[in-house]
Amino acid sequence: MREGDQPVATPETVTGSRSLNALLKMLGGIERLGNRLPHPFWLFVILSAVLSLLSWALAAAGASAVNPATGETVAVKNLLSAEGVRLMVGDAIENYTSFPPLGTILVVMLGVAVAERSGLLAAVLRSGVSRVSPRWVTFALSFTGMVAHVASDAAYVVLIPLGALAFRAVGRSPILGIVVAFVSISAGYDASPLITPVDAILSGLTTAAAHTIDADYTVTPLANYFFSLVSSVVLAAVITLVTERVLARRVEQMPVDPDAGEDDLGSLKLTAEERRGLRAALITLVVFVAAVTAAVLPSGSPLRGEGGSIVQSPLLTSIAVFLGLAFLAVGWAYGKAAGTVTRSGDIPGFMVHGIREMAPILVLFFAISQFLAYFKWTGVGEILAIDGAGLLKSAGVSGPVVFLGILLVVTLINLVVTSGSAQWALVGPVFVPMLMLLDIPPEYTQALYRIADSCTNAITPMSPYFVMALGFLQRYRRAAGIGTLASMTIPLSLTLLVVWTLLFYVFWWLGVPLGPGSPVP
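Note that the coordinates shown come from a computational prediction; the quantities given were computed from them, not determined experimentally.

Details of the overall build of the chain
- On a plain count of helices and strands, the chain comes out with 22 helices and two strands.
- Going through the 521 residues of the chain one by one, you find that 54% of them count as buried.
- Taking contacts inside the chain between residues at least 6 apart in sequence as the whole, the part at least 24 apart equals 80%.
- Accessible surface computed for the chain: about 22,400 Å², of which carbon and sulfur atoms make up 65%.

Now the structure itself:
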């Protein structure tokens, strides 16, 4: 909104729906509550202090449980004992450096940084929404949003304004383009046809949580790939359907401000250099995939596992290395052809920039890694999982009912704690081992978390990208407010939550693997 302008009462800012008013009031309360929460770093420091006191009290009370998987008795250890203090001080560095997601995400991001800084990712996103007919622009934009997850949070900055331009280019409201792009990225955040940095982070945290029950269990970044791939197509189709059948009619009542400046539609079009770069990147990707395939085909290949296995092999367990190399190769090829990489020193420079942008996550990982190490050592998490699983078994609660309970809990938490890694680090150490004791593989618990961690991102005011999307919206409609954006994202968010959950149940009931090597219950 421009300085000095006053909001004008319009049909979209003053809603006549009591249910929407009640929901907006609830969202306002959530925003106020969330603003009182400390930074996630301090949240895990506080949780570590609470765990110390809890372990002291439970150890003094002699709390214990029998692990049905091993038959061993697990007793709570006092973190404030001499042994506990030695753990906190002496193992702090090892807790951090051996934290499963740390090395994985760093290796992936070294390659992603080259692809991003060379301009490849932005060019791919622009090419995905350009030259699309009006009939297919909604699906093209929403599916591009799924692809854009490979760029992590940078997808918001790139694709939301491009969404407005794409819709305007085909004679449709840029407001609708902003909503479609925003919801595709946020509400579908954990779905993608590509392997993303989120896969590396979640799989590492899930592996750490699974070690509570099985120290040898490994969850790879490909663990949910089949589910994520299908989800990206289904969610894009759902967004298209709801947008065309519901939101398009509502947006007809929201004309763009007459004095809204015409955007440079030419910015959607790729330059000759960018097209040349994309061709070079595509050729490089094909060559890279062919080379890896040729290397893994021989039965005695070092990329195969024991007995020639591909499922349990370095190729999959170390997929982060291959992903990082793939992004590095295609980013370098694009940059050389497009002219954005002019000397060899540019590549490490891009990597440095990528690691610099990772600094907030690396700082957060330190606090999370210490808390998870304490949580595992004290045995509190294992006992909670054992008792929780025992309670569910005695109550005769089946897997599908448990899924709904977890989905509801995580969805509500996501309205306040919007950091996916922080939230999974908080609930994963309890949910993953608890469901393992109910014979539900960690990969399924992680897939369920993906749904709950995504859908409400588009409606919570705790997300900084909700506010950013509103800012883009106000470029075209100055009178737009939180109610304007929420009234359009709520139908999409709730529909995606229902459809995505049903898709998860289809995978579960049919026994379809969630990814390469993922076990089927």
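Quick look at the nonpolar core
- By size, the foremost hydrophobic cluster in this structure holds 141 residues, and its most contacted members are F182, V183 and F227.
- Looking at this core element by element, the count peaks at 13 residues for helix α22 (residues 482–510).
- When neighbours within four sequence positions are excluded, F182 is seen to be in contact with Y156, I160, A187, N457, A458, Y465, F466, A469, L485 and T489.
- Of all hydrophobic cores here, the second largest spans nine residues; its members include I195, L222, L303 and L323.

Some points on helix α18 (residues 399–414)
- Along its 16 residues, α18 runs 22 Å from first to last C-alpha, staying within 8% of the 22 Å computed at 1.5 Å per residue.
- Where α18 is concerned, the buried positions are G399, V402, F403, I406, L407, V410, T411 and N414. Looking straight down α18, one finds its buried side chains confined to an arc of 160°; they lie on one side. Exposed side chains of α18 directed beyond 90 degrees from the buried face belong to L408 and L412.

Some remarks on the environment of V321
- Along the chain, V321 turns up in helix α14 (residues 319–338).
- It is 9.9 Å that separates the C-alpha atoms of V321 and L110, two residues lying 211 residues apart in sequence.

Re the packing of helix α8 (residues 154–169) against helix α9 (residues 174–186)
- At their nearest, the axes of α8 and α9 sit 7 Å apart, and the two run at 145° to each other. Crossing geometry of α8 relative to α9 is assigned as right-handed. Residues A155, Y156, L159, I160, G163, A164, F167 and R168 of α8 pack against P174, L176, G177, I178, V180, A181, F182, I185 and S186 of α9.
- Among the residues making up the contact of α8 with α9, the classes are represented as 13 nonpolar, three polar and one charged.

Here's the deal with helix α2 (residues 40–61)
- For α2, built from 22 residues, the straight-helix expectation of 32 Å at 1.5 Å per residue is met to within 8% by its first-to-last C-alpha distance of 31 Å.
- Inspection of α2 places F41, F44, S48, L51, S52 and S55 among the buried residues, and these make up the whole buried set. Projected onto a plane normal to the axis of α2, the buried residues spread over an arc of 105° and lie on a single side. Turned more than 90 degrees from where α2 packs its buried face, W42, L53, A60 and A61 sit exposed.
- With its phi angle positive at about 75°, G62 sits one or two positions after the end of α2.

Brief notes about the pattern of salt bridges
- Scanning all chains against the criterion turns up three salt bridges.
- Of the charged contacts, one joins E244 and R172 as a salt bridge, the two residues approaching to 3.0 Å between their closest N and O atoms. You can see E244 sitting in helix α11 (residues 225–251) and its partner R172 sitting in the loop between α8 and α9, a full 72 residues away along the chain.
- For D199, the salt bridge identified is with R450, shortest N-O distance 2.4 Å. Within this pair, whereas D199 is found in helix α10 (residues 197–210), its partner R450 is found in helix α20 (residues 442–454), the two being separated by 251 residues in sequence. You'll find D199 and R450 in the same group, each marked buried.

Here we look at the packing of aromatic side chains
- Following the criterion strictly, the structure yields 18 aromatic pairs and no others.
- Relative to F504, the ring of Y444 lies with its centre 6.2 Å away and its plane at 75°, an arrangement referred to as edge-to-face. Of the two residues, Y444 sits in helix α20 while F504 sits in helix α22, which places them 60 residues apart along the sequence.
- The exposure class of Y444 is buried, given its relative accessible area of 0%.

Focus: unusual backbone geometry
- Positive phi values are uncommon outside glycine, yet D439 reaches one of about 65°.
- Residue position: D439 is located in the loop between α19 (420–436) and α20.
- D439 gets classed as exposed once you look at its relative accessible area, which sits at 64%.

Considering the side chain of S301
- By the secondary structure assignment, S301 is in the loop between α12 (272–296) and α13 (314–317).
- Excluding anything up to four places from it in sequence, S301 contacts A295 and V296.

Rules used throughout
- Residues numbered from 1 in each chain as written.
- Predicted model: local features only at pLDDT ≥ 70, side-chain atom pairs only at ≥ 80, totals over all residues.
- Heavy atoms only, no water.
- Helix = DSSP H or I, 4+ residues; strand = E, 2+ residues; numbered from the N terminus.
- Buried < 20%, exposed > 50% of the residue type's maximum accessible area, 1.4 Å probe, protein only.
- Contact = heavy atoms within 4.5 Å.
- Areas by Shrake-Rupley, 256 points an atom, 1.4 Å probe, with all protein chains shown as cover.
- Core = buried A, V, L, I, M, F, W, Y, C linked by side-chain atoms within 4.5 Å.
- Expected span 1.5 Å × (residues − 1).
- Arc of directions from axis to C-beta.
- Axes fitted to C-alpha atoms, helices over the stretch in contact; angles between N-to-C directions.
- Left-handed = near helix turned anticlockwise from the far one by under 90°.
- Nonpolar A, V, L, I, M, F, W, Y, C, P; charged D, E, K, R; others polar.
- Salt bridge = Lys/Arg side-chain N within 4 Å of Asp/Glu carboxyl O.
- Phe/Tyr/Trp six-rings, centres within 6.5 Å; stacked < 30°, edge-to-face > 60°.

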